[in-house]
Amino acid sequence: MTDNASDKPQTATGGQGQAMWGGRFSAKPAELMQAINVSIGFDKRLWAQDLAGSRAHARMLITQGVIASQDGEEILRGLDAIEAEIVAGTFPFRDEYEDIHMNIEARLRELIGPTAGRLHTARSRNDQVAVDFRLWVREACDRSAAQLEALQKALVAQAEAYADALMPGFTHLQPAQPVTFGHHLMAYVEMFGRDASRFKDARARMNECPLGAAALAGSPFPIDRHATAAALGFDRPTANSLDSVSARDFALEALSAASIAATHLSRLAEEIVLWTTPMFGFIKLTDAFTTGSSIMPQKKNPDAAELIRAKVGRILGSLTTLTVVMKGLPLAYSKDMQEDKVPTFEAFDALELSLLAMAGMVADLTPNTQKMAAAAGAGFSTATDLADWLVRTLNMPFRDAHHVTGSAVKAAEIKGVDLAELALADLQAIEPRITSDIYTVLTPAASAASRISYGGTAPAQVRAQVARWKELLG
């Protein structure tokens, strides 16, 4: 906010090279004060939201008779001209005007003269930035929800194509029970569905308009806050002027949703990294989502997945940053809150890129169904099926069945065979009532097909969930 032209007293209305708030001050700020105070370098991203809020405010002032219609129309024409300049890349963003709000107001004055000063009637930069930031975060939530749904569609398409493809299901990263690749992918569809719903819930809570709260106490002018709220797509105006300019919990909630979504992305990215290793060999990615090595010509690295995995640090860090900024602030506005935008912008930039890259990778990957199927039976993964058969067929208490099955696993391990390869005599030596029917449940395919409970891994259940999500996603 430095007056680079003169040390003369600054006016409240401002002018070329003058601070917009300068009437109280007789000297310009120190250069260091200017450096720490200026925010136009990052908050110029709010230009579209600032123009939208200013237009809604100007139209309301006209309707309420607070400013003359002629003045209001001149202001609106000036705002249109400013938008054209910004879109064309010719708008003169200047540090001396601190932020996007003052840059636009100063430029408006240059374009239409003193009439520009009437636009700020019945509002403050406090409610102005609050509405701009809410609008931006609201749009970010909408984008994130849409990108999550695009990722879900990519997952659903792969799950439908591979509803029967066997793979090992893991606990502790150890083979547990056979599942299908489609079932595994549908687990992420559920996770990302909850992520999308969190963004939608956050949007609904933040959809109240702070414009008209002014600095902190409201306005003495006969403004219509319901009209400006409706013009900007909000459900209602905020109900307390102090809260209106003080609250940033809408951004914290959005960042919380972003952090959870990033965590889910990181988990899927980790699995992609594992699955593409020669040791697993479950999937392949094309050159579109892999990179090479500068020294090892054989390498094909899943760098996109690794970078997505790392983005959660940046996004979670943004949530932590804003939480720490807000934790000790008294009501109402403090300049600390200028630090709300950079972490929020960075977090949603990282999330958007990660979501787009993950959707691309999911559509790009090709599973090695033979390798996965071979691994599905590893580690005696059908042991639970043997125990369940003993319970169902022999009416054995599950804990007893668990003990019998453990003995069978030990016998197979000693012989170096899988459970399905144990001779009937070996099984009967452990439990005499076992019959040859046991072999109908000891293959990975039979195991997966038997899991017919709602949400289970049986291919029929996978296809049912695919159909449900295809309808939900449209």
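Cut-off values and rules
Residues numbered from 1 in each chain as written. Predicted model: local features only at pLDDT ≥ 70, side-chain atom pairs only at ≥ 80, totals over all residues. Heavy atoms only, no water. Helix = DSSP H or I, 4+ residues; strand = E, 2+ residues; numbered from the N terminus. Rg over C-alpha atoms; globule rule 2.2 N^0.38 Å. Buried < 20%, exposed > 50% of the residue type's maximum accessible area, 1.4 Å probe, protein only. Contact = heavy atoms within 4.5 Å. Areas by Shrake-Rupley, 256 points an atom, 1.4 Å probe, with all protein chains shown as cover. Lys, Arg positive; Asp, Glu negative; His and termini not counted. Charge placed at Lys NZ, Arg CZ, Asp CG, Glu CD. Core = buried A, V, L, I, M, F, W, Y, C linked by side-chain atoms within 4.5 Å. Pairing = 2+ DSSP bridges. Phe/Tyr/Trp six-rings, centres within 6.5 Å; stacked < 30°, edge-to-face > 60°. Lys NZ or Arg CZ within 6 Å of the ring centre and 35° of its normal. 1 Å grid on protein atoms, 1.4 Å probe; cavity = no way out; pocket = protein on both sides within 12 Å on 5 of 7 lines; lining within 4 Å. Points joined across faces, edges and corners; volume = space filled by probe spheres on them. Nonpolar A, V, L, I, M, F, W, Y, C, P; charged D, E, K, R; others polar. Expected span 1.5 Å × (residues − 1). Salt bridge = Lys/Arg side-chain N within 4 Å of Asp/Glu carboxyl O.

**Here we look at the overall build of the protein**
Piece 1. Summing up its helical and strand segments, the protein has 18 helices and six strands in all.
Piece 2. Taking 23 Å as the expected radius of gyration for a compact globule of 474 residues, we find that the protein reaches 31 Å, considerably beyond that expectation.
Piece 3. In terms of overall dimensions, the protein has C-alpha extents of about 100 × 55 × 40 Å along its principal axes.
Piece 4. The buried share among the 474 residues of the protein stands at 50%.
Piece 5. Put simply, 72% of the contacts in the protein that link residues at least 6 apart link residues at least 24 apart.
Piece 6. Accessible surface, the protein as shown: approximately 21,500 Å² in total, 56% of it carbon and sulfur.
Piece 7. Positive and negative side-chain charges of the protein, numbering 46 and 55 respectively, have mean locations separated by a distance of 1 Å.

**Describing the nonpolar core**
Piece 1. If you look at the biggest cluster of nonpolar residues, it comprises 96 residues, and the most contacted ones within it are L151, L155, F181, F199, F348, L351 and M358.
Piece 2. For this core, the element with the highest residue contribution is helix α10 (residues 249-275), accounting for 15 residues.
Piece 3. For L155, the residues in contact, after removing those within four places along its chain, are L185, Y188, V189, F192, L268 and V362.
Piece 4. F380, A408, I434 and I438 belong to the second largest nonpolar core, which has 20 residues in total.

**Notes on the pairing of strand β2 (residues 174-180)**
Piece 1. Two strands pair when backbone bridges link them, and strand β1 (residues 166-171) and β2 are joined in this way by six bridges, in the antiparallel orientation. In the sheet register, F170 faces β2, and the bridge partner there is P175.
Piece 2. Connecting β1 to the next strand, β2, in antiparallel fashion are two residues, including H172 with a positive phi near 60 degrees.

**Some details on the packing of aromatic side chains**
Piece 1. Counted according to the given criterion, the structure contains ten aromatic pairs.
Piece 2. Ring plane angle 65 degrees and centroid distance 5.7 Å describe the contact between F133 and F250, whose orientation is recorded as edge-to-face. On the criterion of sequence distance, the pair formed by F133 in helix α6 (residues 125-161) and F250 in helix α10 is long-range, its members being 117 residues apart. Here F133 and F250 have matching classes, each one buried.
Piece 3. Taken together, the ring pairs connect W136, F199, F345 and F348 into an aromatic cluster.
Piece 4. Its guanidinium or amino end placed over the ring of F93, K44 lies 5.3 Å from that ring's centre, counting from NZ or CZ.
Piece 5. The ring of F345 has R45 sitting right over it, with the charged end atom 4.7 Å from the ring centre.

**Quick word on the side chain of H57**
Piece 1. Among the secondary structure elements, H57 is positioned in helix α3 (residues 47-63).
Piece 2. Excluding its chain neighbours within four sequence positions, the residues that come into contact with H57 are L119, T121, A122, R123, L211 and T228.

**Quick word on the environment of F380**
Piece 1. Here F380 is to be found in the loop between α13 (369-376) and α14 (383-394).
Piece 2. In the structure, F380 is positioned 209 residues away from T171 in sequence and 13 Å away in space, judged by C-alpha atoms.
Piece 3. For F380, the contacting residues outside a window of four places in its chain are V409, A412, E413, V417, D418 and L419.

**Observations concerning the layout of surface pockets**
Piece 1. In this structure, the largest pocket occupies an estimated 380 Å³ of space.
Piece 2. What lines the largest pocket is a set of 16 residues, and nearest its centre among them are T276, T277, P278, I283 and K300.
Piece 3. Looking at the lining of the largest pocket residue by residue, the classes come out as five nonpolar, seven polar and four charged.

**Section: helix α4 (residues 69-88)**
Piece 1. With 20 residues, α4 ought to run about 28 Å at 1.5 Å a step, and its terminal C-alpha atoms sit 29 Å apart, in line with that.
Piece 2. D71, G72, I75, L76, G78, L79, I82, E85 and I86 are the residues of α4 that are buried.
Piece 3. Positive phi appears at G89, one or two residues downstream of α4, with a value of about 80 degrees.

**Focus: the pattern of salt bridges**
Piece 1. Counting across every chain of the model gives 26 salt bridges.
Piece 2. Between K470 and E160 there is a salt bridge, with its nearest N and O atoms 3.2 Å apart. Taken together, the residues K470 in helix α18 (residues 459-473) and E160 in helix α6 connect sequence positions 310 residues apart.
Piece 3. In this structure, R205 engages E253 in a salt bridge whose closest nitrogen and oxygen atoms are separated by 2.5 Å. Here E253 lies in helix α10 and R205 lies in helix α7 (residues 181-206), a separation of 48 residues in the sequence.
Piece 4. For R205, a relative accessible area of 52% translates into the label exposed.
Piece 5. With a relative accessible area of 25%, E253 lands in the partly exposed category.
Piece 6. One network of salt bridges, with partners in common, ties together E85, R94, R107 and E110.

Remember that the coordinates give geometry; whether it matters functionally is a separate question.
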